[in-house]
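# Examination of the molecular architecture
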Amino acid sequence: MFSRYRIEELLGTGAFGEVYLAEHLNLKVIRALKCISKCRDIHRTAVREADILKNLRHPAIPIIYDIEENDECVCIIEEYVEGLSLSSLLSDKEKLPIRQITEITLELCGVVEYLHGRGILHRDIKPENIIYDGKSIRLLDYGNAAGADDRRAPAMGTKWYAAPEMYTGSTSDEGGDIYSIGAVMLTAATGRKDIEGLKEIRPREFAGIVRKCLSHSRKERFRSVAELKKALFKIQKNKSVSDTVSLRIAFAGAYPHCGTTHCSLIAARTLSKAGFAAVARECNESRDFMEIIGAAGRVVFDRGVYTADGICMIPYYCGCAATEYEDRFDRIVCDYGCVSETNSEEITSVDYICLVTGAKPYELKRTKALTARLSESAEGISERLYTVINFAGRVRIGELAAYGIVNPVRITYQPEPDKYQYHCKGFVSEYDKKKHRFKK
């Protein structure tokens, strides 16, 4: 059966069977081979999915190239889609910025509108079936899809993402897909599968759109995907969503080897958990970021930005700071290494300055002198400068007033990332893991 293909690897297994990555021997192109055993009636569903897809042509829908079968199995040969599923992205970040969710949802609406225009319902829209490569989405898995002639066919969908009427045996319609889109939006915005999560969403206009999608009554939902798109375009123009203020936060050591990189990465991760689009940018020549990325358990690269163990990072690109990679982020944590004559002017020009130091008397003395020197070079710096005391207890923080330390805060290290605590008035507060939110 596979005489024209060379199997490269097993991509995964699922309800349908095994999916392989294969190369076409003559065309030298990569394909995905979905193999389903005929021992189960589910192979009929897979063939039906292929029959639906063969006549569809949309950038977000995978292409079906061929179907081959023998006495034992059916093999569907389709386009190989690269990228991370939205569920994988959410497992790293827990939730996404509203601006990014709006962009993803608008693309999702585009492909669903295309399907509805051809009388096809997807009926299983969920994060696992949405592939995102940082630029665009692909909508997969049409095993539950229905055309105009089979909308009464049973399709349970997936719990939480399936509309209520799918559990009552009612005829499917476009409102079911709209409900699923709303469930995806809520999960992406809050990290929860709970309607109570609507209370956490800001701006309220966005929450209102999600609430309307998730109405139990089909008559109260958006009448069409086109109407939903119109509402999303309206809030995309709202400054609270599309023009999020970008803050630059400088981390710089008062002396070498005081833990500046450690502190900056914790700050970037904590900001991401707070719902900001945060990135850590290496602004020194240490090349520490690439060593950290190389040792990370899971790394994704997208347009100059590495995501390593849930932290977005821009390493030092041989003298090029790569500022063009920052346009996707609203919190930019800059690791300047140690303060020096060459970088002090740039450090004092950012929105917030975090001067990293230890808590020993001689370290604090050097930090106080450095703070005075920076204050002389830039007016009003004391209002946006924080002294980050690395690895210091609460008792020690209370004693720092005697040293004349400006805005002292502390950062402590624990083995589990969710136990990182970073206290700094103005841009972040303590993360409460049980309630999945930050304390006010």
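Here is what the cut-offs are and how they apply
Residues numbered from 1 in each chain as written. Predicted model: local features only at pLDDT ≥ 70, side-chain atom pairs only at ≥ 80, totals over all residues. Heavy atoms only, no water. Pairing = 2+ DSSP bridges. Helix = DSSP H or I, 4+ residues; strand = E, 2+ residues; numbered from the N terminus. Contact = heavy atoms within 4.5 Å. Axes fitted to C-alpha atoms, helices over the stretch in contact; angles between N-to-C directions. Disulfide = S-S within 2.5 Å. Expected span 1.5 Å × (residues − 1). Buried < 20%, exposed > 50% of the residue type's maximum accessible area, 1.4 Å probe, protein only. Core = buried A, V, L, I, M, F, W, Y, C linked by side-chain atoms within 4.5 Å. Patch = residues over 30% accessible without salt bridge, like charges linked within 9 Å, V, L, I, M, F, W, Y side chains within 5 Å. Areas by Shrake-Rupley, 256 points an atom, 1.4 Å probe, with all protein chains shown as cover. Salt bridge = Lys/Arg side-chain N within 4 Å of Asp/Glu carboxyl O. Lys, Arg positive; Asp, Glu negative; His and termini not counted. Charge placed at Lys NZ, Arg CZ, Asp CG, Glu CD. pLDDT = per-residue confidence, 0-100. Parallel < 35°, antiparallel > 145°, perpendicular 65-115°, else oblique. Left-handed = near helix turned anticlockwise from the far one by under 90°. Nonpolar A, V, L, I, M, F, W, Y, C, P; charged D, E, K, R; others polar.

What follows covers the sheet that holds strand β8 (residues 137-139). With respect to topology, three strands assemble into an open sheet ordered β6-β7-β8, the strand pairing being antiparallel. In this open sheet, the two edge strands, each paired with only one partner strand, are β6 (84-85) and β8. Direction of pairing for β6 relative to strand β7 (residues 130-132): antiparallel, over a ladder of two bridges. Within β7, the position partnered with S85 by the bridge is I131. Strands β7 and β8 of the sheet are contacted by helix α3 (residues 98-117), whose axis makes an angle of about 40° with β8.

Counting across every chain of the model gives zero disulfides. Take C75: it sits in no disulfide, and the sulfur closest to it among the cysteines is that of C35, at 3.7 Å.

A few words on α3. The end-to-end C-alpha distance of α3 is 28 Å, a good match for the 28 Å that 20 residues give at a rise of 1.5 Å each. Counted residue by residue, α3 has 15 buried out of 20 residues, so it is predominantly covered. At the C-terminal side of α3, G119 shows a positive phi close to 75°.

What follows covers the nonpolar core. L108 and F206 are the most contacted members of the largest nonpolar core, which has 59 residues in total. Top element by residues in this core is α3. It accounts for ten residues. Aside from chain neighbours lying at most four places away, what touches L108 is I125, I130, I137, L139 and I181. The next biggest cluster of nonpolar side chains, apart from the first, holds 48 residues, and it includes A278, I311, I314 and V356.

Our focus in this paragraph is a negative patch on the surface. There is a patch of like negative charges on the surface, built from E82, E103, E107 and D133. Here E107 is to be found in helix α3.

Another aspect to go through is the confidence of the model for the protein chain. Confidence in the prediction of the protein chain, expressed as mean pLDDT, is 81, and 82% of residues score 70 or more. Below a pLDDT of 50 lies the segment residues 413-440, which in the model reaches 62 contacts outside its immediate sequence neighbourhood of four places, other chains included.

Helix α6 (residues 225-236) packs onto α3 with a crossing angle of 160° between their chain directions and a minimal axis gap of 9 Å. Here α3 is positioned roughly antiparallel relative to α6, judged by the angle of their axes. Considering the relative orientation of α3 and α6, their crossing is left-handed. Where α3 abuts α6, its residues T102, E103, T105, L106, C109, G110, V112, E113 and H116 lie against V225, A226, L228, K229, L232, F233, I235 and Q236. A breakdown of the residues in the contact of α3 with α6 according to their chemical character gives nine nonpolar, five polar and three charged.

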